[in-house]
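# Descriptive analysis of the structure
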Amino acid sequence: MKQTYAIFQREFKSFFYSPVAYVILALFTALTGVFFYLYLSSFVQASFMDMIRSQQYRMAPQKLNVNLMLIRPYFWNIALISLFTLPTITMRLYSEEKRIGTVELLYTSPITPNQIIIGKFLAGLAFYIVLLLPTMFFQALLFVYGNPEFMPVLSGYIGLILLGSAFISAGLFISTTTENQIIAAIGGFALSLLLWVVGWGANFVGPGLKPILDYVSIINHFEDFAQGVIDTSHIAYYILFSFLGLYFSLKTIESVKWRA
Amino acid sequence: MIDVKGLTRYYGEKRAISDVTFHVNKGEILGLLGPNAAGKTTTMRILTCYMPPTSGSATIGGFDIFESSMDVRRITGYLPENPPLYTDMRVDDYLDFVAKLKGVEKDKQASEIDRVIEKTSLGEVRKRIIGKLSKGYKQRVGLAQSLLNDPDIIILDEPTVGLDPKQIIEIRDLIKNLRGEHTVILSSHILPEIEQTCERVVIINEGKVVAEDTVDNLTSRLKGGQRMTLLVEGNEERVRKSLQPITDIKTLNFESQKDGIWQISVESEKDVRKEVARQIVSANLGLLELSPDRFTLEDIFLQLTTKEEVA
Ligand SMILES: Nc1ncnc2c1ncn2[C@@H]1O[C@H](COP(=O)(O)OP(=O)(O)OP(=O)(O)O)[C@@H](O)[C@H]1O
Ligand SMILES: [Mg+2]
């Protein structure tokens, strides 16, 4: 436990030593910010039109739903941006240790591969949560100026964090297989994208395969969270997925087997 | 303290070491001597549980590398060939991290870090970023790391490589001070280094142990003959004539330097330094230099690998 924390702490801090992390943070914030602004302005415009219309025709205003029109598509948007961003976080998680030779320190220290992998996974997840903070700030503005429902926002973030864990465990696995960060990033992205689009393929295959592809698809399970529904089967999917990623990571670094 | 039995390791088809067997006593410093690609690093990586051997076994401080690898790791400090440094960390943060990895208790952490910083004279740079240190200082940080948690066993893979002469001496002294309290294995391909720091040496060549003995025994075993180099001013004929009476000389080899100075290599049955000096001086030749040649690693290998089984 102490050792896992040591790995976590070093890894998490090391994000902030490297300029890459700040670039990622800036880009992620800029992209999610721009999209938030676009969604917000179109929502404001629609509400404004609605108000004018209601005055013209002397009807009660429709009261457009901010959760439906803004928050829900915005979560989808963040999920998509995460798909592109997370491989750049996971690429260095393990490849870097291999490249600079610090694996030699890790493997010869009294620490198990489990502890290494879990520490690194949690560090990646923690950094992802840091990335999400600005978007939380944006959404908080809605609560200041409006009156959205809170639960869908909460469930949306739970969904994002679960989705993020799945991506991070997949990326971490790719990162354990190579000492080249570029390959780790491309591989991590390819794997994540594949798991994302596999659901589209479901429409083109026979009825036997369709439910399987639908189930595997990483984004299908996100839908409910974005709508404010927390379904344990989706939680189970993401947790299972993350464990699988961690398991494969463990197997690659354990290719040398030591009996404890 | 360390018992190595029949270690063999293949990398794919290639055999890196075969049937490596040796023993290290408690509190001694053992030198692992061998040329490039001999298998020193491979052997050390197996002993530190970085990777398993293809076959063979070893016990470190009573713990088997297969059965209780975690215990082996707990009592062993290791400086790999390339120091395993996170170059973007500060020296003290790095040592703090390693101390945690090695399970140093929280209340002892600070004093333990101070101790190794003191030992490796890193005080001045403890707040600096590792990546910005000179090669020698990086090597010291690597060494400091291996001393954390006061391990019984310390394994150092070419610890003085890339250091300047002053630093080499400092590091050697540091290693010598480990004697007694720690059991040390040290690899090198430089014979004098091993001679100065180790009491016993294992020589390894092309993956095989070719000798295991004390340094003194090894060098005396090689002293079937003596060699020295002279620098003499004068002409070749006169030098040859003056040395003729010394019957113990086997071969003389003249090499012309500038300004009528000759560099002469002398090989002899026994120590003839006094006779040679006397003869040359009495022949009125200018004796500029006389230095006994040490046997180099190459000589030892030639002897050990071309002659039939010395070991
Ligand atoms: N990871 C590896 N994959 C394939 N072959 C390897 C690997 N590591 C070492 N070898 C081979 O094993 C042999 C022994 O290498 P090793 O690194 O143990 O030698 P060494 O004595 O440490 O040499 P040096 O003095 O150059 O450090 C060499 O022929 C080397 O090419
Ligand atoms: Mg080596």
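Rules used in this analysis
Within every chain, residues take consecutive numbers counted from 1 along the sequence as written. To read the labels, note that chains go from A and ligands from 1, taken in the order they are written. The predicted origin of the model limits local features to residues at a pLDDT of at least 70 and limits the giving and counting of side-chain atom pairs to 80 or more, whereas totals for whole chains, interfaces and linings rest on all residues. The side-chain values count all of the structure's non-hydrogen atoms but skip hydrogen atoms and water molecules. Throughout, an axis means a line fitted to C-alpha atoms (over the contacting stretch in the case of helices), and angles, computed between N-to-C directions, take values from 0 to 180 degrees. Strands are runs of DSSP state E lasting at least two residues, helices are runs of H or I lasting at least four, and both sets are numbered from the N terminus onward. Any angle between 65 and 115 degrees counts as roughly perpendicular, while under 35 counts as roughly parallel, over 145 as roughly antiparallel, and the rest as oblique. Crossings are classed by handedness, with left-handed meaning an anticlockwise turn of the near helix from the far one by less than a right angle and right-handed meaning a clockwise turn. Throughout, a residue-residue contact means that at least one pair of heavy atoms, one from each residue, lies within 4.5 Å. The classification used treats Ala, Val, Leu, Ile, Met, Phe, Trp, Tyr, Cys and Pro as nonpolar, Asp, Glu, Lys and Arg as charged, and all other residues, Gly among them, as polar. For a helix, the expected span equals 1.5 Å multiplied by the number of residues minus one. Partly exposed describes any residue whose relative accessible area lies between the buried limit of under 20% and the exposed limit of over 50%, with all areas from a 1.4 Å probe on protein chains only and scaled to the type maximum. Throughout this description, a polar contact denotes any pair of N or O atoms lying within 3.5 Å of each other; where both atoms belong to protein, one of them has to be capable of donating a hydrogen while the other can accept it, and for residues adjacent in sequence the pair is counted only when both atoms sit in side chains. Here's the idea: put two parts together, see how much 1.4 Å probe accessible area each one loses, and the total over both is what we call buried area. Take a side-chain nitrogen of Lys or Arg and a carboxyl oxygen of Asp or Glu: if they are within 4 Å of each other, that pair is a salt bridge. Any Phe, Tyr or Trp ring, taking Trp's six-membered ring, that has another such ring centre within 6.5 Å forms a pair; planes under 30 degrees apart are called stacked, those over 60 apart edge-to-face, and the others tilted. Any residue with at least one heavy atom within 4 Å of a molecule or strand is counted as near it. For the area figures, the Shrake-Rupley method with a 1.4 Å probe applies, and any residue is considered shielded solely by the protein chains shown. Sites may look incomplete because water is not among the atoms; the donors themselves are N, O and S atoms within 2.8 Å of the metal, or within 3.2 Å for Na, K and Ca.

### Regarding the packing of helix 2 (residues 19-56) of chain A against helix 5 (residues 113-145) of chain A
Residues and elements named next belong to chain A. Relative to each other, helix 2 and helix 5 sit at 25°, their axes nearing to 10 Å. Here helix 5 runs roughly parallel to helix 2, going by the angle between their axes. Helix-helix and strand crossings are classified by hand; for helix 2 and helix 5 the assignment is right-handed. Residue-level inspection shows A21, I24, L25, F28, T29, T32, G33, F36 and L40 of helix 2 in contact with helix 5, the latter providing F127, V130, L131, L132, P134, T135, F138, Q139 and L142. Of the residues contributing to the contact of helix 2 with helix 5, the split by class is 13 nonpolar, five polar and no charged.

### Overview of helix 7 (residues 181-201) of chain A
Residues and elements named next belong to chain A. A rise of 1.5 Å per residue sets the reference length of helix 7, with its 21 residues, at 30 Å; its end C-alpha atoms lie 30 Å apart and thus fit the reference within 8%. Buried within helix 7 are the following residues: Q181, A184, A185, G188, S192, L195, W196 and G199. Buried residues along helix 7 sit against helix 3 (66-100), helix 6 (151-176), helix 8 (210-216) and helix 10 (232-253). One side-chain oxygen of the residue at the start of helix 7 lies 2.9 Å from the amide nitrogen of I182, identifying that residue as N180.

### Brief notes about the interface of chain B and chain A
At the junction of the two partners, chain B supplies 33 residues and chain A supplies 26 residues. Together, the buried faces of chain B and chain A total about 2,900 Å²; carbon and sulfur atoms form 62% of this surface. Contact with chain A buries surface across chain B, with B:Y50, B:Y86 and B:L101 losing the most and accounting together for 24% of the total. Our count for the contact surface shared by chain B and chain A stands at one salt bridge. Across the pair A:E104 and B:R45 runs a salt bridge, and its minimum N-O distance is 2.9 Å.

### A few points about the packing of aromatic side chains
Across all of its chains, the model carries 25 aromatic pairs over all chains by this definition. Ring geometry for A:F167 and A:W196: centres 6.4 Å apart, planes at 5°, overall stacked. Within this pair, whereas A:F167 is found in helix 6, its partner A:W196 is found in helix 7, the two being separated by 29 residues in sequence. A:W196 matches A:F167 in its accessibility class, with the two residues each being buried. Note on B:Y86 and B:F97: the rings are 5.6 Å apart at their centroids and 80° apart in plane angle, and the pair reads as edge-to-face.

### Overview of the site of ligand 1
Residue and element names in this part refer to chain B. Residues in close proximity to ligand 1 total 13 residues, the closest being A37, K40, T41, T42 and E81. A distance of 2.4 Å is found between an oxygen atom of ligand 1 and a side-chain nitrogen or oxygen belonging to E81. A distance of 3.1 Å separates an oxygen atom of ligand 1 from a polar side-chain atom of E158. Coverage of ligand 1 by the protein chains reaches 67% of its 630 Å² of free accessible surface. Put simply, the parts of the chain that give the shell around ligand 1 at least two residues each are strand 2 (14-24) and helix 1 (40-47). Ranked by residues supplied to the shell around ligand 1, first place goes to helix 1 with three residues. When the residues that make up the shell around ligand 1 are grouped by side-chain class, the tally is five nonpolar, four polar and four charged.

### Re the coordination of the magnesium ion (ligand 2)
Residue and element names in this part refer to chain B. All of the protein donors around the magnesium ion (ligand 2) are T41 (OG1) and E81 (OE); their distances to the metal are 1.9 to 2.3 Å. Of the two residues, T41 sits in helix 1 while E81 sits in the loop between strand 6 (76-79) and helix 3 (91-101), which places them 40 residues apart along the sequence. A relative accessible area of 16% means that T41 is categorised as buried. By relative accessible area, E81 is classed as partly exposed at 33%.

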